[in-house]
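# Remarks on the overall topology
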Amino acid sequence: MISEKMNTALNKQVNAEMYSAYLYLAMQAYFQRLNLKGFVNWMNIQVQEEMAHAKGLYDYIQERDGEIILEAIEKPESNWNSPLEVFEAIYKHEQHVTALINQLADIADETKDRAAALFLQWYIKEQVEEEASVSGVLETLKMIKSDTHALLLLDKELMARVFNPPVIG
Ligand code: OFO
């Protein structure tokens, strides 16, 4: 059984992860319009990862006999001015998600919920990876500026990303 406070906070995080998937799906559509197939692939994997993050929280709530309450998912942005602008937005968004995960960990500490604290460790580590992978692409895009040839090389590189379903918890 989990406390009501933790249950509510975890439900909110399910929504935040679903929003991340939705936002990244909008970004995938943006890259599809630009015909940058590697970026499309990268975003597609990001969408799947976010869905897995949401499902991991959902499964945990169920496992602890909590109540699932699904709220409406906010409408994401749908247009950006450049790949650089997209990755700046992703980086900012991931930092926001990291703050949300840290808040969840704070609630676990406050309520002395050891199981939740342990479960959330996975998300804390995942956010370190998420921020690092986004920052890697962002830094390359900053160097590329308006060099189309270099952008196409990066696009090719991003094509190599594959989805490995995460084992959460
Ligand atoms: Fe779920 O890590 Fe991104 O948002």
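Fair warning: this is a prediction, and the values are worked out from it, not measured in the lab. (Residues numbered from 1 in each chain as written. Predicted model: local features only at pLDDT ≥ 70, side-chain atom pairs only at ≥ 80, totals over all residues. Heavy atoms only, no water.)

### Description of the packing of helix α2 (residues 37-63) against helix α4 (residues 114-144)
The criterion, for reference: Where helices are involved, their axes are fitted lines through C-alpha atoms of the stretch in contact, as for all axes, and angles between N-to-C directions lie from 0 to 180°. A helix here means a DSSP run of H or I that spans at least four residues, while a strand means a run of E at least two residues long, and both kinds are numbered starting from the N terminus. Geometric relationships in this document are graded by angle, where less than 35 degrees denotes roughly parallel, more than 145 denotes roughly antiparallel, 65 to 115 denotes roughly perpendicular, and other angles denote oblique. Any two residues whose heavy atoms approach within 4.5 Å at even a single point are treated as in contact. Classes in brief: Ala, Val, Leu, Ile, Met, Phe, Trp, Tyr, Cys and Pro nonpolar; Asp, Glu, Lys and Arg charged; the others, Gly included, polar.
Contact geometry of α2 with α4 gives a least axis separation of 12 Å together with a crossing angle of 170°. Compared by their axis directions, α2 and α4 come out roughly antiparallel. Contact residues: F39, W42, Q46, E49, E50, H53, G56, L57 and Y60 in α2; A115, A116, F119, W122, Y123, E126, E130, S133, V134, V137 and L141 in α4. Among the residues making up the contact of α2 with α4, the classes are represented as twelve nonpolar, four polar and four charged.

### So, the side chain of R64
Spelled out, the test is: N or O atoms closer than or at 3.5 Å make up a polar contact, with two conditions inside protein: a donor-capable atom paired with an acceptor-capable one, and, for residues adjacent in sequence, both atoms drawn from side chains.
Mapped onto the fold, R64 is located in the loop between α2 and α3 (83-110). Here M1 takes part through its backbone oxygen, which lies 2.8 Å from a polar atom of the side chain of R64. Once residues lying within four places of it in the same chain are set aside, the contact partners of R64 are M1, I2, D113, A115 and A116.

### Brief notes about the packing of α3 against α4
Let me state the cut-off plainly: Helix crossings are classified by the rotation of the near helix relative to the far one: an anticlockwise turn of less than a right angle makes the crossing left-handed, while a clockwise turn makes it right-handed.
The geometry of α3 relative to α4 is characterised by a closest axis approach of 9 Å and an angle of 165° between their N-to-C directions. One finds that α3 runs roughly antiparallel with respect to α4. Between α3 and α4 the crossing geometry is left-handed. Among the residues forming the contact of α3 with α4, the class breakdown is 19 nonpolar, five polar and six charged.

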